[in-house]
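Overview (structure and organization)
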Amino acid sequence: HEMFVVDGSDWVAKEGGPHPDLEQTKDGPKRELLIAGGDDLQERKKLLVKNADAIVVLPGGPGTWDELWEMACARNLGMSPIPIVAVSVDGYYD
């Protein structure tokens with residue numbers, strides 16, 4: 001997978017300063033956004049859930065639906081305990 005360092009303003013708490021959930025390093029809060037890539041879809045799906053605390057699904061196309069339902073099935077079968085959150089922008093998942 002790929003790693004991107006994003007602008008610090010994306011990771012600021014409402015009160016100012018770094019968000020309290022960010023891991024702290026000697027240089028300050030760790031600000032990373034990991035993007036799962038891979039040689040094929042199955043490799044990408046494995047990277048999406050490796051070391052994940054939750055799955056957050058944003059509106060997307062057929063690939064997003066495929067990944068969502070694969071994780072929903074894995075969870076239903078007891079293969080994955082992590083929570084799944086679907087972010088319904090403009091009623092997308094209604």
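Residues numbered from 1 in each chain as written. Predicted model: local features only at pLDDT ≥ 70, side-chain atom pairs only at ≥ 80, totals over all residues. Heavy atoms only, no water.

Digging into a nonpolar patch on the surface
- A surface patch of nonpolar side chains, amounting to about 390 Å² of accessible area, comprises Val56, Leu58, Val85, Val87 and Val89.
- For Val56, the position within the fold is in strand 5 (residues 55-57).
- Assessed through its relative accessible area of 55%, Val56 is described here as exposed. (Patch = residues over 30% accessible without salt bridge, like charges linked within 9 Å, V, L, I, M, F, W, Y side chains within 5 Å. Areas by Shrake-Rupley, 256 points an atom, 1.4 Å probe, with all protein chains shown as cover. Salt bridge = Lys/Arg side-chain N within 4 Å of Asp/Glu carboxyl O. Helix = DSSP H or I, 4+ residues; strand = E, 2+ residues; numbered from the N terminus. Buried < 20%, exposed > 50% of the residue type's maximum accessible area, 1.4 Å probe, protein only.)

Observations concerning the packing of aromatic side chains
- Across all of its chains, the model carries 3 aromatic pairs by this definition.
- Here Tyr92 and Tyr93 contribute two aromatic rings whose centre-to-centre distance is 4.9 Å and whose plane-to-plane angle is 85°, an arrangement assigned as edge-to-face.
- Aromatic ring contacts, followed pair by pair, group Trp65, Trp69, Tyr92 and Tyr93 into a single cluster. (Phe/Tyr/Trp six-rings, centres within 6.5 Å; stacked < 30°, edge-to-face > 60°.)

Focus on helix 2 (residues 62-76)
- Here helix 2 spans 21 Å end to end across 15 residues, near enough to the 21 Å set by a 1.5 Å rise per residue.
- Along helix 2, the positions that sit buried rather than exposed are Glu67, Leu68, Met71 and Ala74. For helix 2, the arc enclosing every buried residue in end-on projection is 130°, short of the 170-degree limit, so these residues lie on one face. In this structure, helix 2 carries Pro62 and Asn76 as exposed residues pointing more than 90 degrees from its buried face.
- Each element contacted by the buried residues of helix 2 is listed here: helix 1 (41-49), strand 5 and strand 6 (84-86).
- The first or second residue beyond helix 2 is Gly78, which carries a positive phi of 80°. (Expected span 1.5 Å × (residues − 1). Arc of directions from axis to C-beta. Contact = heavy atoms within 4.5 Å.)

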